[in-house]
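For reference, the chains in residue letters:
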Amino acid sequence: MTSPAATQTQSQSEPQHWEQIAFFLRQALVLFGDPAALAQRLWLSARDHQLFVQFIGPIEDMLRRLLFITALELAPINLPPTPERKFRAARGFASNSGAHFDPTQPDSWRVAFKLSPALERRRVIPGRGEAANPEPRRPKPQPASKTANAQRAAAPCALRLEALLRAYENRDQLAAALARKIARNAGLALGYIFKKRKRSKAPDYVTHDFAALANEAHQRFLMRKLDTLKPDSS
């Protein structure tokens, strides 16, 4: 059974973790500018694009795990009844609806933060369809001039940053939505409690992970669930 002291310590530490996310977001705005300024750059060099992806990716993972931890406190132990669905007739929209992108108006952008972490491909067991030691795929060499002058569109990065900022601002609503998903599918927790394999070296200023905290919160959730299955001694 989870002790009240442990639960109180966890609830007191959560604001500190959210403040760490806010600190990283402020750093992102300093490094890359706000979403509107980033979008108006139009193009990013390959180096700037790589720096953006390396910096934003860990923040997204940390935010998802903190949302998961908050959602576990909100998720009902027993499966709630499926809410009644109300259907509305589809409304017609112009064929070019949503196609216009105004880089100066981030509030008008249609973005959404992905709550579920990206699941990695399952590891192939040797002897089942592949050799025990398959030859790793190597990227095709690119001409030096082409890689040095490669540019990436800035709009996708701006949209990604805007989605991340909105997710932080609306974290309570997102945690509540995630809690409902967990109540209906407990298997969703697996993507949050396991630490991802590092595909590339993250910058030195991204040092947090929160995977251990997510695992501990999941264990407390399971203990509360088990407590409800115990026979009533009264």
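Just so it is clear, the structure is predicted and the values come from calculations on it, not from any experiment.

Visitor: Would you explain the overall build of the protein chain in this entry?
Guide: Scanning the protein chain from N- to C-terminus turns up 8 helices and 2 strands. Split into buried and exposed, the 234 residues of the protein chain put 30% on the buried side. Partitioning the intrachain contacts of the protein chain with sequence separation of at least 6 by distance along the chain shows that 88% fall at a separation of at least 24. Carbon and sulfur atoms provide 54% of the accessible area of the protein chain, an area that totals close to 16,700 Å².

Visitor: For this particular structure, what's the right way to read the packing of aromatic side chains?
Guide: The geometry of an aromatic ring pair is captured by the separation of the ring centres together with the interplanar angle, meaning the angle of the planes. Within the structure shown, the criterion is met by 5 aromatic pairs. Here the aromatic cluster, defined as three or more aromatic residues joined through ring pairs, consists of F32, F52 and F55. Here the guanidinium or amino end of R171 rests over the ring plane of W18, the centre of that ring lying 5.4 Å away. A cation over a ring is seen here: R171 above Y168, with NZ or CZ 4.3 Å from the ring centre.

Visitor: I'm lost on a nonpolar patch on the surface in this one. Help?
Guide: Among the surface-exposed residues, M223, L226 and L229 lie close enough to one another that they form a single nonpolar patch of about 300 Å² accessible area. Here L226 is to be found in helix α8 (residues 211-229). L226 gets classed as partly exposed once you look at its relative accessible area, which sits at 46%.

Visitor: Could you clarify how one ought to interpret the pattern of salt bridges in this entry?
Guide: Two side chains of opposite charge can pair, provided their charged atoms sit close to one another. With the rule as written, the count across this model stands at 6 salt bridges. Between R47 and D48 there is a salt bridge whose closest N-O contact spans 3.8 Å. Given the relative accessible area of 24%, D48 is considered partly exposed. When salt bridges with common partners are traced through the structure, they connect R41, R47 and D48 into a single cluster.

Procedures and definitions
- Residue positions are given per chain, counted from 1 along the sequence in the order it is written.
- Local features in this predicted model are restricted to residues whose pLDDT is 70 or higher, and side-chain atom pairs enter the listing and the counts only when it is 80 or higher, whereas totals over whole chains, interfaces and linings include all residues.
- Hydrogen atoms and water are omitted, and side-chain values are computed over all heavy atoms in the structure.
- We count a stretch as a helix when DSSP gives it H or I for four or more residues in a row; a strand needs E for two or more, and each element gets its number in order from the N terminus.
- Summary of the burial criterion: residues with accessible area below 20% of their type's maximum are buried, those above 50% are exposed, and those between are partly exposed, where the area comes from a 1.4 Å probe applied to protein chains only.
- Contacts are assigned to residue pairs that have any heavy atoms within 4.5 Å of one another.
- Here, Shrake-Rupley sampling with a 1.4 Å probe gives the accessible areas, and only protein chains in the shown set may cover a residue.
- The rule is short: rings of Phe, Tyr and Trp, with Trp giving its six-membered ring, pair when the centres are within 6.5 Å, and they are stacked under 30 degrees, edge-to-face over 60, tilted in between.
- Lysine NZ or arginine CZ positioned within 6 Å of the ring centre and within 35 degrees of the ring normal marks a charge as sitting over the ring.
- Each patch is assembled from residues with relative accessible area greater than 30% and no salt bridge, linking like charges that lie within 9 Å and nonpolar side chains (Val, Leu, Ile, Met, Phe, Trp, Tyr) that lie within 5 Å.
- Should a side-chain nitrogen of Lys or Arg be within 4 Å of a carboxyl oxygen of Asp or Glu, the pair is scored as a salt bridge.

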